Amino acid sequence: MTATTDRPAERGVARHSHGDVPMVSRGQRFTSYDVDAFEVPTGREEEWRFTPMRRLRGLHQGVAATGTAQITVQAADEVLVEDADPSDPRLGEGGIPADRVAAQAWNSVVRATVVTMPAQTRIEDPVMITVTGPGVGQIAYGHLHLRLEAFAEAVVVLDYRGSGTYAENVEVVLADGARLTVVSVQDWADDAVHVAAQHIRIGRDAVLRCTTVSLGGDLVRQSPTVTFTQPGGDAELLGLYFADAGQHLEHRLLVDHAVPHCRSNVSYKGALQGDPAKPDAHTVWIGDVLIQAAAEGTQTFEVNRNLVLTDCARADSVPNLEIETGEIVGAGHASTTGRFDDEQLFYLTSRGIPVEQARRLIVRGFFGEILQKITVTQVRERLALAIEAELEAVGV
Amino acid sequence: MSTLEIKDLHVAVPTDDAAAPQKEILRGVDLTVRAGETHAIMGPNGSGKSTLAYSIAGHPKYQVTSGQILLDGVDVLSMSVDERARAGLFLAMQYPIEVPGVSMSNFLRTAATASRGAAPKLRTWVKEVKAAMSALDIDPAFAERSVNEGFSGGEKKRHEILQLSLLKPKIAVLDETDSGLDVDALRVVSEGVNRYRANGDVGVLLITHYTRILRHITPDYVHVFAGGRIVESGGQELANELESGGYERFTRRQEVTGVSSS
C-alpha cells in the first residue's frame, strides 16, 4: 500500500538493508513507501546495528496499532491545521521512508496532521504542538506534516510527552524564502519508545533552525534527513541529549547537499550518566553529510560532543562526510567523547575557582551553548531546569 | 611584600615509552622573585621555560620529582591549582583555553569572588571590569562571549592581562605573553603589565623567547634558560647580548656540560 501513485515509490540503486550490496553513497540509499520492500531488520544491518531491537516492541516487525497518540496544535488563526487523509497528495513532499519502521508508520496511520503557515505570513507566537503517547503498553503511529509556504515565518515547538510506543513520520517542507525555527522536546515518561523519521525539504533561500532535545524515554531513535532542493538553503540542526542508566538515545542525521550554495551546520551535545546496578546509559550519534557533485559552494560543519559523567555509560559517535566536489566553501566534522576536559578545568582553577565550582561551570557551559540558542523563553527555562535536576542527581 | 622561591626544582613529564616512562625537563632550577622585582627568563624553544611556568601553577601533567617552590615560606607544591591561585600566584598562559558556554563576565566574576574571598559588589564590579577592558582596548561585547572561544591570538593575550589586572596576584608568571602579538597589541599588553607592576608590591616572572617585549617592560634581572635550568643571570645587558648573539653561546655550553657529565 502506498500513499499516492503519482510519485516514484522507490528510489536508490540497490537494496542494502540486508547488507548484500554495499551502498555506493548515502544519497543512494533505498527508500520506499512499501513496508515489505524492506527486510525485517535483525540488528546486524548498518543502520540498525546500534539499536537494541528487542526493545523496539515489534515496530520493525509490523506490530499493529493498539491505541492512538493525541496531537494537539495550539496556533494563531492564520495557521491552517488539517486532519488529512493518508492519500493526501501533499504527504511525501518532505521525503520517503528509508527504513522499515518509517514505512510501517507511513502505512499505519488513519489520519495525518497537516499544519500550514500561509505564504508571506509571519506567525508571531510559537505554534505549540503537543504529542502525547498512547499510554503504557499501547502502540500508536503518527504522521505530522509541517509546511511553510513561500516567505512564511514561524516558530514551532514540538512537545512529546506521555507513555507507550510511538512511531512516526514528521515532514517539514519549506518553500522558497521560508524561515522556520523548530524546538523538539522528547520529554517522555520512562517507559516510552519513540522512533521518528523526520523528512525535511528546504527550498530556495529557505532557513531552518532546529533544536532537538532528548531527555526522557526508554528508547528514542530519531532519523532526520535534510534535503536541499534549491540553492541558498540554510539549515542548522542542534541537539542536546541526556541519557540516564538504561536509556537508549539515538540520533541519526543525513544532510544531503544536492544543489549548490547551501549551508548546513550540525551540532549535537550529549551527557551520559550510568548506574552500576542498571543497564548502561547509551547514546548513538550518526552524522552523515553528503556533498553531491552538483553542490558547489557548499558550506557545512558537523560536530558531536559527549560528556561521560560516570561509569556504565556508552556513547557511540560516527561522523561521516562524503564529498563529491572540491568546489566548496568549507566542510568539516568533529567528534569528541570524554569524561571531562582537563585543560578547561586547569584553566578555571588556575584563576582560583575551586574544582567543584569549575566543574559545574564547565558542564553547564557545555549545555548552555545549545540552550542559549533556543529562542522560546518558556521552553528554554523549562529545559534548563530539567538539566539542572539531572546534574544535581549525579552531584555535578 | 611577597617572595616566590624556587629551590633546586626538578620536573618530569610522562612519556609513551614504557622503558623510560618519564622524561626530565627541569634539572635543578633556583630562582627567587621578590615583590617589586621583574625577572625575565629567556631561552630557546624546548629549554623548559613553559614547563617552569606550568609547574608553578600546578598543571597535573608536570610531576615535580624533587625541589621546592615556596610563596612567603609556604609550600606551594602541596597546594591544589586553585589554592595556589588564591594564595596569590597567577599564570598568563601562552595558549589560553577555550571554555564554550561560559561567558567571560561570569568567569571573571566567579574568579574574582574566589580570589577575593567574597563576591565583589555588583555596581563597582561592573565599573571595574569596564575600565579594565577599556584600558586594554577590549570591546565590551567580549564580556558576553564564551571564555576565549573564537578569540584571535591577540584577543586571548589581552584577556589574560585583563584577568591579571582584576585578580591582582602577588606574583605573576607571564608565559610568552608577547608571542603572536603585532606591534600595537604588544604595546597595549605591555602597558597593562606595567600598570599592574606600578599598582603594588608585586613580582613578575616574564618568560619570553624574544627581547622585543623587554623594550616595553624593563626587567631587573635577566636569566638565560637552557637545558632545563638557569645557565646565566645578569641585567638588561644580558638581554642585549642575546639580541645580537642569540642563544648559541648558551646552548653550546649546555651540550659541552652534557657530554662531560655523561
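Residues numbered from 1 in each chain as written. Chains lettered and ligands numbered in written order. Predicted model: local features only at pLDDT ≥ 70, side-chain atom pairs only at ≥ 80, totals over all residues. Heavy atoms only, no water.

A. Here's a closer look at the interface of chain A and chain B. With 18 residues of chain A at the interface, the matching set in chain B holds 31 residues. A combined buried area of about 2,000 Å² lies between chain A and chain B, and 68% of that area is made up of carbon and sulfur atoms. Three residues, Phe346(A), Tyr347(A) and Arg351(A), lead the burial of chain A against chain B; their summed loss comes to 40% of the area buried on that side. Counting every contact that joins chain A to chain B gives one salt bridge. (Contact = heavy atoms within 4.5 Å. Buried area = accessible area lost by both parts, 1.4 Å probe. Salt bridge = Lys/Arg side-chain N within 4 Å of Asp/Glu carboxyl O.)

B. Here's a closer look at the pairing of strand β12 (residues 229-234) of chain B. Bridging between strand β11 (residues 221-226) of chain B and β12(B) involves five bridges; their strand directions are antiparallel. Counterpart to Val224(B) in the pairing with β12(B) is Glu232(B). (Pairing = 2+ DSSP bridges. Helix = DSSP H or I, 4+ residues; strand = E, 2+ residues; numbered from the N terminus.)

C. Main features of the packing of aromatic side chains. Per the counting criterion, the structure on display carries eleven aromatic pairs over all chains. Note on Phe142(B) and Phe151(B): the rings are 4.9 Å apart at their centroids and 90° apart in plane angle, and the pair reads as edge-to-face. In this structure an aromatic cluster arises from ring pairing among Tyr160(A), Tyr166(A) and Trp188(A). The ring of Phe366(A) has Lys269(A) lying over it, and the distance from NZ or CZ to the ring centre is 4.5 Å. (Phe/Tyr/Trp six-rings, centres within 6.5 Å; stacked < 30°, edge-to-face > 60°. Lys NZ or Arg CZ within 6 Å of the ring centre and 35° of its normal.)

D. Highlighting the pairing of strand β10 (residues 179-186) of chain A. Residue and element names in this part refer to chain A. By the criterion of burial, β10 is predominantly enclosed, with six of the eight residues buried. Pairing of strand β8 (residues 153-161) with β10, which is carried by eight bridges, proceeds in the parallel orientation. Bridge pairing in β10 places Val157 opposite Val183. The sheet contact formed by β10 and strand β12 (residues 207-214) spans eight bridges and is parallel. Among the inter-strand pairings, Leu180 is bridged to a residue of β12, identified as Leu208. (Buried < 20%, exposed > 50% of the residue type's maximum accessible area, 1.4 Å probe, protein only.)

E. Structural view of helix α3 (residues 355-371) of chain A. Here α3(A) is 17 residues long and its end C-alpha atoms lie 24 Å apart, about the 24 Å a rise of 1.5 Å per residue gives. Where α3(A) bends most, the angle comes to about 25°, and this point is Gly365(A). (Expected span 1.5 Å × (residues − 1). Bend = angle between axes of the 7 residues up to and from the residue.)

Function-wise, these values are silent; they only describe arrangement.
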